[in-house]
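Survey of secondary and tertiary structure
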Amino acid sequence: MASLGIALLIMALSGPTLAFVPIGGGGSTHVSITGTAVLQKVEEACRVVVEAAGHEFKPTGTSPEQLVQACLGPTAAGEVSGSKFRSALQEIYFQNGMVDRDFANSAPHHFNSEAFLEGRALITEGTVAIKANIRNENFQAARETLGRVLHTLQDFYSHSNWVELGYTEPYDNLIIPSLPLENLADKDTATCYDCETGACPNPILANILEEKKLTSGYMGIFSASKPKGKCSHGGADDLTSTVAPRGGINKDERRSDLHNAAVNAATAASLQLLEDIRLAAGDNGFLRMMGIARSSVLCFVIDTTGSMSDDIEEARNVAYEIIDSKKGTQDEPSEYILVPFNDPNFGPLIRTTNPDKMKSEISKLTAKGGGDAPEMCLSGLQVALTGAPSSSHIYVFTDATAKDIALKDTIVALIRSTKSTVSFFMTATSRRRRRSVRAASFEDYKELALASGGQAIQVSKKQLPQATDVILDTSTSALVTVLQRARNPGKQETFPFRLDESLKNVTIYITGTSITFTLTDPTGVSQSHSEATGKLGSIQTVGNLRRIRFNPEKNTGTWKININSVQPYTLKVTGQSTVTFIYDFVERFGGPHPGYAVLSGRPSAGQPATLMLSVMGRKGPSSITVEDIGLVKVSGLEAVTSGNMNDMGNGEILVTVDKVPEGEFVVLLKGTDKESNSEFQRQSTTQMSVSKVNIKAAVDSSAEPGKPLTLSFSVMTQGAGDVYSVSARNDRNYPMTYPRSLALTTNEYANATLSITPPTNTPSGTDVTLTIETKPSTGLESNYVVLRLSVVTKITDFIQPLCKVTSVVADDCPHDESQCGSFYWQLSANLTDGNGTGIETLFLHQGSGNLSHTVLTAPTVEANYNASCCSQIAELVAVDKVGNVGKCYHSIVRSGGPPAVTLPLPLWLCLLVSVFIVRS
């Protein structure tokens, strides 16, 4: 692997879960194996994309920020954050590790107990879902499935006897469903001899090794039974290892002499799988899945009812300004999303990376219908929260309250799960309001904005154009929050905050009425609310919003803002900087491979809260020093509750907070930027709270159109026993069945199932976001779990496109390569997909020549390649409509000796590799 990839790998290896090996056992882990493969493929794809655009791929360092900067191109000006890339890596790592928590006793998930066919089926099904998700731009679902699939694939090499049989390369048949799994030991064949000490280096029977029989160790977490004569997995948690034949054959830990061989094979297999996903997705699709994109996503949720003409026009103007002013910079949105809503209709979600298409879609919006506020605002917002990438900024335009207020708890759960920020632009109207079961108000929007760290801006329709500067401010790359607080009721209070040298475009937002304030810099210079333009910045007042834009020549150090109001208000300080952090609340799990799993819902009350943070500096984590990490209430006067930090190296910090604040809280980080020796502070935006209710669920497989998928979930309470209500929603409105209530006993889990049935016409690759919530009859303690599952059509086409070279004309290429510049060679080939689904894409993967071809819908596609004799290798890649990949490789590189004889070359059969996994 290239040196950059190695350096990035060092950054990533201290991940939160040790899954290939138990904690404390030493050796390589699922995280290190996955990191090696993923980072190598990301670097390769970046290099191809950048060089194809005519630029030199030359990162200035090894940090995520520097890799992303180099990958997005050296010509785009502006700050670039590596947070989305780092978040994508963490999603893959966590999902990989959670296989050990959620499926510890499942033999197929780990290739235990000779479950080879079942294990391969999981890989096949998962990879079909990955490629279908990428095709539909459902990148988070693709990453989550990728993490799980890689875990199962990697476990084959540690838990089977593949390396004991002398094999050093990956077992291709595992990821090519059209090939059979051969020479498997049957259930009656003994495979191991008894190892009395339990630590024999290779207890596999000689005849099994001689006959090349494939077997794997049996694993018993709850039972010691296994078939007679069979190998055990081994280890303290494997009860079968004490039953003859004793011992075990797993190579999870370095104490096994074969550990390194298993790691090497697992790494090579991971690279092979990722390469096929990359080929099927294309380099740009692969990089988008991996979070290599500018940080900003422009997402509008717009009310299109009759009174919204002015608001729609303003949203259109803002979108046009962002598109036109930020084009070609790092602040250019990486994606545009639009969700209209009316009454009773809402959606669909319109997604594009093409700014001109976004302009076109917004121009089509017209105000009509409605007439009886409230409207279906939260339904539209739900579509946006489930369709937009995590940590997006979503802007809602409406002049009515929410008719679908029953969705409010679901919206809060989605906000916390995605960490997205929602801002509302509310323009009140005099429309007749119809009474609803639960009367909604603009206060609901304010509460949702506060929960997400967004703004709730209430203005007249005439003032709306002035308020939308907030969108221009926040639709940027590398946006960070320095401070956010809320007070209800208001009072006079002084809020200190640190500004460091890396911060640019610092802005303060205050929402509320009857507010006065004074801003003071570290040198004592002040500016009051009445000075629209002063020594510290410019102040804009519109509706309930005060926007303070700092002058570029700001001083670093501790600033203060004194706010005085008896009315409720919010305060938020933001800026642009690559000094930032990402985090997840996690919980430790035990078993054969212990680690940390991400909490989908709220942390448990009465227990310490555990967080996993990744910190990033301008030149990677080594360029900052972290001084304090803690939890702080946004609303209230409670001081920061500091956590105990366990530095895991390379920017990864495990934090334990013994005393969690009551009510809603956020994460606050303080430290020093070594590049400028200035102190900084950063704050998370999404508010969180603890709960006495725990709810657990996991996605085991993808769904199939027209067929029910059953998911298991369990609920436990630390509070008093009670009958708890259960509610579930999915963003596709697919029919579901589940128990509406569960009787809970204190500290005992109650198990239940949920069945969801996608319609028969559901497109393959559709992702579904499912939220399950539970609360007692009092309604005071609730919790939720958010799951993503994929709907994938059953695939029967496992045959890759075929390629046959019909001619190669390289007669003119000189033997002396230094003379190659003025000579050319040609290759012609025929490509077919037999009885398959048909070729969808054909492209040049290696080579710098020109590729042309006939229409892809023809039974036989004729391809012609022309290149300089200096470019001596050509590799064509054909992908069919279900993602099967065929490669066609040819080289005109000549070995030493006289020049090649000028004779027609015989037909040459391409190297055909179907290395993209398909579902059986």
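The tally for this structure, following the rule as stated, stands at six disulfides. Across the disulfide, Cys192 is cross-linked to Cys231 (sulfur-sulfur distance 1.9 Å). Taking the sign of the S-S torsion, 95° for the link of Cys192 and Cys231, the bridge is right-handed. Of the two residues, Cys192 is situated in the loop between helix H7 (139–159) and helix H8 (206–210) and Cys231 in the loop between H8 and helix H9 (259–289); the sequence distance between them amounts to 39 residues. A relative accessible area of 1% means that Cys231 is categorised as buried. You can see Cys299 has no disulfide; the closest cysteine sulfur is in Cys377, sitting 12 Å from it. Classification of Cys377 as buried rests on a relative accessible area of 0%.

Here the focus is the sheet that holds strand S32 (residues 783–791). Reading across from one edge, S29-S27-S31-S32 is the order of the four strands in this open sheet, with antiparallel pairing throughout. Pairing within the sheet leaves two strands with one partner each, and these edge strands are strand S29 (741–744) and S32. With strand direction ignored, the average angle separating the axes of adjacent strands in the sheet is 25°. Where strand S27 (residues 722–730) lies against S29, four bridges are found, and the strand directions are antiparallel. Bridge assignment links Val723 to a residue of S29, and that residue is Ala743. Running over the sheet, helix H13 (residues 408–418) touches S27, strand S31 (766–776) and S32 and is turned about 115° from S31.

Turning next to the sheet that holds strand S22 (residues 652–657). Across the sheet, five strands lie side by side as S17-S16-S18-S22-S21; this open sheet has antiparallel pairing. In the strand order of this sheet, the two ends are held by strand S17 (595–598) and strand S21 (644–649), each with one partner. Taking each pair of neighbouring strands and ignoring which way they run, the sheet shows an average axis angle of 35°. Looking at chain direction, S21 and S22 are connected through five bridges and run antiparallel. Its bridge partner lying in S22, Asn646 is registered against Leu654. Where helix H4 (residues 83–102) meets the sheet, its contacts fall on strand S16 (580–589), S17, strand S18 (609–616) and S22, and the angle it forms with S16 comes to roughly 5°.

Counting 55 residues, the largest nonpolar core has Leu378, Leu381, Ile394, Phe424, Leu611 and Leu613 as the members making the most contacts within it. For this core, the element with the most residues is helix H12 (residues 377–387), which contributes six residues. Non-local contacts of Ile394, meaning those with residues more than four positions away in its chain, are made with Cys299, Val301, Leu381, Ala384, Leu385, Ser420, Thr421, Val422 and Ser423. Membership of the second largest hydrophobic core comes to 54 residues, among which are Ile33, Ala142, Val149 and Ala265.

Okay, the packing of helix H6 (residues 116–135) against H7 next. Any two packed helices are characterised by the angle at which their axes cross and by the distance between the axes. Across the interface, H6 lies against H7 with an axial gap of 9 Å and an inter-helix angle of 155°. By the criterion of interaxial angle, the relationship of H6 to H7 is roughly antiparallel. As H6 packs across H7, the resulting crossing turns out to be left-handed. Touching Phe116, Gly119, Leu122, Ile123, Gly126, Thr127, Ala129, Ile130, Asn133 and Ile134 of H6 are Phe139, Ala141, Ala142, Thr145, Leu146, Val149, Thr152, Leu153 and Phe156, all from H7.

Per the counting criterion, the structure on display carries 18 aromatic pairs. An angle of 15° between the planes, with centres 5.0 Å apart, marks the rings of Phe397 and Phe425 as stacked. Placement of the pair is Phe397 in strand S4 (residues 393–398) and Phe425 in strand S5 (residues 421–426), with a sequence separation of 28 residues. Taken together through their ring pairs, the aromatic side chains of Phe111, Phe116, Phe156, Tyr157, Trp162, Tyr167 and Tyr171 make up a single cluster. The ring of Tyr583 is capped by Lys419, whose NZ or CZ atom sits 4.9 Å from the centre of that ring. Positioned above the aromatic ring of Tyr738, the side-chain terminus of Arg740 is 4.1 Å from the ring centre.

Quick look at H6 now. Between its terminal C-alpha atoms H6 stretches 29 Å, which fits the 28 Å expected from 20 residues at 1.5 Å a residue. Burial runs high along H6: 15 of the 20 residues are buried. Of the residues flanking the end of H6, it is Glu137, one or two places downstream, whose phi is positive at about 60°.

In this fold, Leu214 is placed in the loop between H8 and H9. The exposure class assigned to Leu214 is buried, which follows from its relative accessible area of 4%. It is 5.7 Å that separates the C-alpha atoms of Leu214 and Ala185, two residues lying 29 residues apart in sequence.

What counts as what
Throughout, a residue's number is its position along its own chain's written sequence, starting from 1. Reporting of local features is limited, given that this is a predicted model, to residues whose pLDDT is at least 70; pairs of side-chain atoms are given and counted only at 80 or more, and all residues count toward the totals for whole chains, interfaces and linings. Each side-chain value is worked out from all heavy atoms of the structure, with water and hydrogens disregarded. Whenever a pair of cysteine sulfur atoms sits within 2.5 Å, that pair is classed as a disulfide. Helix and strand labels come from DSSP, where a helix needs a run of H or I of at least four residues and a strand needs a run of E of at least two; each type is numbered from the N terminus. To sort residues, take the accessible area from a 1.4 Å probe on protein chains only and compare it with the maximum for the residue type: under 20% means buried, over 50% means exposed, and anything in between is partly exposed. Think of it this way: DSSP has to see at least two bridges between two strands before they count as a pair. Throughout, an axis means a line fitted to C-alpha atoms (over the contacting stretch in the case of helices), and angles, computed between N-to-C directions, take values from 0 to 180 degrees. Here, two residues are considered to be in contact whenever any of their heavy atoms come within 4.5 Å of each other. Definition of nonpolar core: a set of buried residues of the types Ala, Val, Leu, Ile, Met, Phe, Trp, Tyr and Cys, connected through side-chain atoms within 4.5 Å. In these notes the angle categories are as follows: under 35 degrees is roughly parallel, over 145 is roughly antiparallel, 65 to 115 is roughly perpendicular, and the rest is oblique. For any pair of crossing helices, the crossing counts as left-handed if the nearer helix is rotated counterclockwise from the farther one by less than a right angle, and right-handed if it is rotated clockwise. Under the pairing criterion, centres of Phe, Tyr and Trp rings, with the six-membered ring standing for Trp, must be within 6.5 Å; the plane angle then separates stacked pairs below 30 degrees from edge-to-face pairs above 60, leaving the rest tilted. Sitting over a ring, as applied to charges here, requires NZ of Lys or CZ of Arg to be within 6 Å of the ring centre and within 35 degrees of the ring normal. Here, expected helix span is obtained from the residue count minus one, scaled by 1.5 Å.

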